[in-house]
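# What the coordinates show
Residues per chain, in single letters:
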Amino acid sequence: SSGDVASFIASDNVAGGAEAAKELARIMSDKGEIIHLQGTPGASASRDRGKGFSDEIAKHSGIKVVAKQTANFDRSKALDVTTNLVQAHPKVTGIFAENDEMAIGAISALGSKAGKSVNVVGFDGTADGIKAVKAGTLGATIAQQPGLLGKTAVDQAAEILDGKEVSKTTPIKVLLVTKDNAKDYE
């Protein structure tokens, strides 16, 4: 099926990646070694989240990304990848996962270290992610706003039908979820 896309409405993954980097740096007191778990190679969500994270974390000179590896947005793959990377880099104190599924896999690999000697930040604000934030094993997650995505799409469709111009791309703000505000996202 072809046709023109009038407007592309999506979460601002670049901004979300940057927000995740800022929060992980804050939790780590701006120092230490990080593992970056990447999503599906070539997927726009992975590319954008990764770019936002990498660009921001580079501004924190006390932090070094010692490993970047894909775990394909998959929980069990992330468990394996994290287990291997933590053995190779035993001084790691932070992990950024480009989605909550991988973050939870990483948390499983870390066991009792999760949220204590190793801080993990995820992305998506899934139910499991929020649960882990509340439990203290996940430092934070970046929540998407599906309700706002849907509402914006409906509003813009109505404007297009009225013959109005809408912007080609509408980034929807993502939100940082920490232990302080996790109860608002149940």
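Notes on the structure in this doc start here.

So, on to the packing of helix H1 (residues 13-27) against helix H2 (residues 44-57). H2 packs onto H1 with a crossing angle of 40° between their chain directions and a minimal axis gap of 7 Å. With respect to H2, the axis of H1 lies oblique. For the element pair H1 and H2, the recorded crossing hand is right-handed. Contact with H1, carried on its side by Asn13, Val14, Gly17, Ala18, Ala20, Ala21, Lys22, Leu24 and Ala25, involves Ala45, Asp48, Arg49, Gly52, Phe53, Glu56 and Ile57 of H2 and no other residues of that element.

Our focus in this paragraph is helix H5 (residues 127-135). Of the residues making up H5, those classed as buried are Gly129, Ile130, Ala132 and Val133. Across the axial projection of H5, the buried residues extend over an arc of 160°, all falling on one side. Exposed residues lying more than 90 degrees from the buried face of H5 are Ala127, Lys131 and Ala135.

Axis separation between helix H3 (residues 75-88) and helix H4 (residues 100-110) bottoms out at 7 Å; the angle between their running directions is 45°. If you check the angle between H3 and H4, you find them oblique. Once H3 is placed against H4, the crossing between them reads as right-handed. On the side of H3, the interface is formed by Arg75, Ala78, Leu79, Thr82, Thr83 and Val86, while H4 contributes Glu101, Met102, Ile104, Gly105, Ala106, Ser108, Ala109 and Leu110. Split by residue class, the contact of H3 with H4 holds 8 nonpolar, 4 polar and 2 charged.

What follows deals with the nonpolar core. Counting residues in each nonpolar core, the largest one holds 27 residues, and the members touching the most others are Ile35, Leu37, Ile95, Leu110, Val120 and Leu138. Listing elements by their share of this core, those giving two or more residues are strand E2 (32-38), strand E3 (63-70), H3, strand E4 (92-97), H4 and H5. Take this core: its biggest share by element is 5 residues, from H4. Those residues in contact with Leu138, other than ones at most four positions away along the chain, are Asp100, Ala103, Ile107, Val120, Val121, Gly122, Gly129, Ala132 and Val133. The next biggest cluster of nonpolar side chains, apart from the first, holds 15 residues, and it includes Met28, Ile34, Ile57 and Val121.

Moving on, we come to the packing of aromatic side chains. One pass over the full model with this rule turns up 1 aromatic pair. Ring plane angle 10° and centroid distance 4.1 Å describe the contact between Phe53 and Phe96, whose orientation is recorded as stacked. Residue Phe53 is located in helix H2, and its partner Phe96 is located in strand E4; the two are separated by 43 residues in the primary sequence.

Here the focus is the environment of Ile130. Residue position: Ile130 is located in helix H5. Between the alpha carbons of Ile130 and Gly17 there is a distance of 17 Å; along the sequence they are 113 residues apart.

All right, on to the side chain of Glu98 then. As for its placement among the helices and strands, Glu98 is situated in the loop between E4 and H4. Of the side chains with opposite charge, Arg49 lies nearest to the buried Glu98, which makes no salt bridge, at 6.7 Å. Polar contacts involving the side chain of Glu98 include one to the main-chain amide nitrogen of Gly39, which spans 2.8 Å. Aside from chain neighbours lying at most four places away, what touches Glu98 is His36, Leu37, Gln38, Gly39, Ser46, Arg49, Gly50, Phe73 and Phe123.

The rules behind the values
Residues numbered from 1 in each chain as written. Predicted model: local features only at pLDDT ≥ 70, side-chain atom pairs only at ≥ 80, totals over all residues. Heavy atoms only, no water. Axes fitted to C-alpha atoms, helices over the stretch in contact; angles between N-to-C directions. Helix = DSSP H or I, 4+ residues; strand = E, 2+ residues; numbered from the N terminus. Parallel < 35°, antiparallel > 145°, perpendicular 65-115°, else oblique. Left-handed = near helix turned anticlockwise from the far one by under 90°. Contact = heavy atoms within 4.5 Å. Buried < 20%, exposed > 50% of the residue type's maximum accessible area, 1.4 Å probe, protein only. Arc of directions from axis to C-beta. Nonpolar A, V, L, I, M, F, W, Y, C, P; charged D, E, K, R; others polar. Core = buried A, V, L, I, M, F, W, Y, C linked by side-chain atoms within 4.5 Å. Phe/Tyr/Trp six-rings, centres within 6.5 Å; stacked < 30°, edge-to-face > 60°. Lys, Arg positive; Asp, Glu negative; His and termini not counted. Salt bridge = Lys/Arg side-chain N within 4 Å of Asp/Glu carboxyl O. Polar contact = N/O pair within 3.5 Å; in protein donor to acceptor, adjacent residues only side chain to side chain.

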